[in-house]
Amino acid sequence: MNRHDDQIRSFCISYDKPIDWDAFVEWIEALISVHGSNLLRIKGILNVIQADGPVAIHGVQHVFHPPAVLPGWKTDDHTSKIVMITRAISKKPVEEMMHAFLDAAAQNRQTAS
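Now for a description of the structure that goes with this document. (Residues numbered from 1 in each chain as written. Predicted model: local features only at pLDDT ≥ 70, side-chain atom pairs only at ≥ 80, totals over all residues. Heavy atoms only, no water.)

Further remarks concern the overall build of the protein chain. A tally of regular secondary structure across the protein chain gives two helices and six strands. Reading the protein chain from its N terminus to its C terminus gives the helix and strand order β-α-β-β-β-β-β-α. For a compact globule of 113 residues, the expected C-alpha radius of gyration is about 13 Å, and the protein chain comes in at 14 Å, within 12% of that figure. By its C-alpha atoms, the protein chain is 50 × 30 × 25 Å across when sized along the principal axes. Counting across all 113 residues of the protein chain, residues that qualify as buried make up 30%. Here the analysis covers contacts within the protein chain between residues at least 6 apart in sequence; of these, 72% occur between residues at least 24 apart. In the form shown here, the protein chain has an accessible surface area of approximately 7000 Å², with 53% of it arising from carbon and sulfur atoms. A gap of 8 Å separates the mean positions of the 11 positive and 13 negative side-chain charges of the protein chain. (Helix = DSSP H or I, 4+ residues; strand = E, 2+ residues; numbered from the N terminus. Rg over C-alpha atoms; globule rule 2.2 N^0.38 Å. Buried < 20%, exposed > 50% of the residue type's maximum accessible area, 1.4 Å probe, protein only. Contact = heavy atoms within 4.5 Å. Areas by Shrake-Rupley, 256 points an atom, 1.4 Å probe, with all protein chains shown as cover. Lys, Arg positive; Asp, Glu negative; His and termini not counted. Charge placed at Lys NZ, Arg CZ, Asp CG, Glu CD.)

Listed below in structure tokens is the structure:
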């Protein structure tokens, strides 16, 4: 039973390749600009190319707190995982948008090298 109204959704999205931080920031800023007030909470652990350990993220609506680099991974699974609680936003378009931003950055890195 959902203790919230029918518009509240929670879901997890993941990304199994290391993430380019700048691409992630571009994606999250675009998501916030379009859906900010409906992004009730975002929390996650990211495998960021530019970081020495996992990066913890946390945001509420338009406010995104500074990321924190954690001392190390607790398991061999370094998949980035983001949990979202939203109002009237479904998982599929958010996940597709994130993958598009991150995949484009990965492709640009490959082309540049």
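Now, onward.
Time to look at the pattern of salt bridges. Scanning the entire structure with this criterion turns up four salt bridges. The shortest N-O distance in the salt bridge between Lys 17 and Asp 103 comes to 3.4 Å. Of the two residues, Lys 17 is situated in the loop between β1 (8–15) and α1 (21–35) and Asp 103 in helix α2 (residues 91–112); the sequence distance between them amounts to 86 residues. The partner of Arg 109 in a salt bridge is Asp 20, and the shortest N-O contact between them spans 3.9 Å. In this pair, Arg 109 sits in helix α2 while Asp 20 sits in the loop between β1 and α1, placing the two residues 89 residues apart along the sequence. Of the residues examined, Arg 109 reaches a relative accessible area of 33% and is grouped as partly exposed. (Salt bridge = Lys/Arg side-chain N within 4 Å of Asp/Glu carboxyl O.)

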